[in-house]
Amino acid sequence: MVSPFCWGCLTPLRQTSRTILPSPSTAVSRGPAFHTSAALQFMGRASQGGKKGSTVLKFRQPASSTMKKKKKFVEKARPPPVGERKAIRKRIVLSNPNALEVEGLQELSEETMVDSRLRGTVLALPVPMLDQLRAVQAFKPKQGWSIFRRPCTVLRRETLELGRFFDGVTGDTEGGGAVIKKIVGGARKSGKSVHLLQAMAMGFIKKWVVFTIPEAQELVSATSSYAPLSEENPNLYVQNEATAALLSRTVAANKEVLSGLRVSHNHPTVPAAKPGMTLEDLAKTGVQDQASAWAVFQALWTELTATGPAPGLEKHYTPRPPILVTVDGLGHWMTESQYRNAQFKLIHAHDLVFVRHFLSLLKPGQDKPTLPNGGALLYATSTTNNPPYVYSLDVALKQVAARGAGVESSSPQFPQPEPYSKTDPRVFEVLESMKSKHAQEGMLQHQILGGVTHDEARGFMEYFARSGLLQETISDEWVSEKWTLAGGGVIGELERIGKRLRIAA
């Protein structure tokens, strides 16, 4: 079909001027036609690119990404109360209701602790005694008490020897009972702290008075108050807070024994000590009044180590029982403490009267034995919580072992510190314990706890199987293999092997 318009009709139309068309440069400055941003906004942001503090948008960058987001207010949780973290860290769990009840389990008693036929057998601690052991802080958090139905301990050779000693000591004889002094050492996880626990349990069974220092480090780590002892002795320092804590532990654990003993001497330094009052009430005065804690402790120690009453107080006197003293972590007492004197110099641990008193017990008594009524001193070194290497203590312990073996100090085989080595003479002086002139007081010994024997290891692993933790056949070959893997029967390594639960196919 032919168009009604012809070419001749269109030619007269006026052509558009090129000046009203947008220039190529203007078209480029507006940006691409398909861009979603406004042209003026794009041009305004781009033109401010050179100004300080301005934001230059990149190609196809949304403007919302440059906006500062408002921070949300987060309420911070309140910190735990004072002492809660320490309580959780030191929490002791002694029972596991999921563990099986071991049938025919015997308890530690006066008969079983000396029965050699039970060597290698696991014995349960009496339930009424657990509160006493808790009071003296005998249990450690990292020990495996929480994997069994009830707390138990294995009767090893060293335990039987200790039980026979406790059974033979009597504090009511004329000449007094026997006294042993031992520094217990050994490899890591060899059972040093548990050995002290066994001694405490035997002491409670035999109705002894038990004094314990569960962590020797706490006495020298500058965590408790201290002050000069007196104006006459400004270089000695007393720790009343730590002494009051010791009295509190002693009263809680030995309440039955202390309540049956009465004050039979005069104590001018303690006005509250009246003749005829019980030793339990005497110790409580030091707990209630910390300023007099050290004087009360001295009065209590004088009463417990007395062999007779003062004149005129015979009616209040009864024979005193033996005493057991245990210290764990002895190495912290053989160096300088974290306390400082008035000149801001470090105070040696032996200048703290609390530490000095218990270290003086290691030396033989002069007029009478250190413990006239008998008893035991068991001080253990630590490997898990040990201070930096103390060379003087290492050499002094070797000298103690040499004296126990009969080697004279003038012999060439007697251990001596290396030439030009830095030593502490105060450490050698404390541990230089010669033979006492009292027959019932023994020399200081250095006892090394090693691994258990194959028979003891078998009895220990059978207890794991009876508790439901170990589902394997206990044979001689299997026990020998685990005994070797445990470093020759190290009791802590055997426990680690035994508590790995294995499910039979």
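Here, the structure is the one placed above.
Every value quoted in this text rests on a predicted model; they were computed, and no experiment measured them.

A. Quick look at empty space enclosed by the protein. Within the structure shown, the criterion is met by two cavities of 30 Å³ or more. Roughly 50 Å³ of volume is contained in the largest cavity. Every residue lining the largest cavity is listed: Q137, A138, K140, S193, L196, M200, I213, P214, T326, V327 and D328. Mapped onto the lining of the largest cavity, the elements with two or more residues apiece are α7 (192–205) and β7 (323–328).

B. Inspection of the sheet that holds strand β11 (residues 441–449) at higher detail. The strand order across the open sheet formed by five strands is β4-β7-β10-β3-β11, and the pairing between neighbours is parallel. Across the chains shown, the open sheet's two edge strands, defined by having one partner strand only, are β4 (209–213) and β11. Averaged over all adjacent pairs, the angle separating strand axes in this sheet is 15 degrees, with direction ignored. Bridge count between β4 and β7: five bridges; the pairing is parallel. Paired with V209 across the bridge in β7 is I323.

C. Region of interest: helix α10 (residues 279–288). Looking only at α10, the buried set comprises L279, E280, L282, A283, T285 and G286. Lining the buried residues of α10 we find α8 (240–253), α9 (255–258) and α11 (293–304).

D. Just the nonpolar core, in detail. F211, L304, V325, W333, F358, Y379 and L431 are the most contacted members of the largest nonpolar core, which totals 66 residues. No other element matches the nine residues that α11 contributes to this core. With residues up to four places along the chain from it excluded, the contact list for Y379 reads K182, I183, V184, V325, V327, L330, F358, L361 and L362. One finds L125, L196, M202 and A376 within the second-largest nonpolar core, a separate group that totals 39 residues.

E. Region of the structure containing the packing of α11 against helix α12 (residues 353–360). Packing of α11 against α12 brings their axes to within 12 Å, and their N-to-C directions diverge by 15 degrees. If you check the angle between α11 and α12, you find them roughly parallel. Between α11 and α12 lies a crossing of right-handed hand. Contacts between α11 and α12 pair W294, F297 and W301 from the former with V353, F354, H357 and F358 from the latter.

F. Up close: the pairing of β4. Summarising burial for β4: five of the five residues are buried, a large majority. Going residue by residue along β4, you find V209, F211 and I213 tucked away on one face and V210 and T212 tucked away on the opposite face as well.

G. Structural detail: the packing of aromatic side chains. This model, assessed by the stated rule, comprises 15 aromatic pairs. On the numbers, 6.1 Å between centres and 90 degrees between planes, the contact of F165 with F166 is edge-to-face. Here F165 and F166 have matching classes, each one buried. When the centroid spacing of 6.0 Å and the interplanar angle of 40 degrees are considered together, the rings of F297 and F358 count as tilted. With F297 in helix α11 and F358 in helix α12, the pair connects residues that are 61 residues apart, well separated along the chain. You'll find F297 and F358 in the same group, each marked buried. Counting every residue linked through ring pairs, the aromatic cluster contains F211, W294, F297, W301, F354 and F358. The side chain of R340 reaches across the aromatic face of F344, ending 4.2 Å from its centre.

Thresholds, definitions, all that
- Residues numbered from 1 in each chain as written.
- Predicted model: local features only at pLDDT ≥ 70, side-chain atom pairs only at ≥ 80, totals over all residues.
- Heavy atoms only, no water.
- 1 Å grid on protein atoms, 1.4 Å probe; cavity = no way out; pocket = protein on both sides within 12 Å on 5 of 7 lines; lining within 4 Å.
- Points joined across faces, edges and corners; volume = space filled by probe spheres on them.
- Helix = DSSP H or I, 4+ residues; strand = E, 2+ residues; numbered from the N terminus.
- Pairing = 2+ DSSP bridges.
- Axes fitted to C-alpha atoms, helices over the stretch in contact; angles between N-to-C directions.
- Buried < 20%, exposed > 50% of the residue type's maximum accessible area, 1.4 Å probe, protein only.
- Contact = heavy atoms within 4.5 Å.
- Core = buried A, V, L, I, M, F, W, Y, C linked by side-chain atoms within 4.5 Å.
- Parallel < 35°, antiparallel > 145°, perpendicular 65-115°, else oblique.
- Left-handed = near helix turned anticlockwise from the far one by under 90°.
- Phe/Tyr/Trp six-rings, centres within 6.5 Å; stacked < 30°, edge-to-face > 60°.
- Lys NZ or Arg CZ within 6 Å of the ring centre and 35° of its normal.

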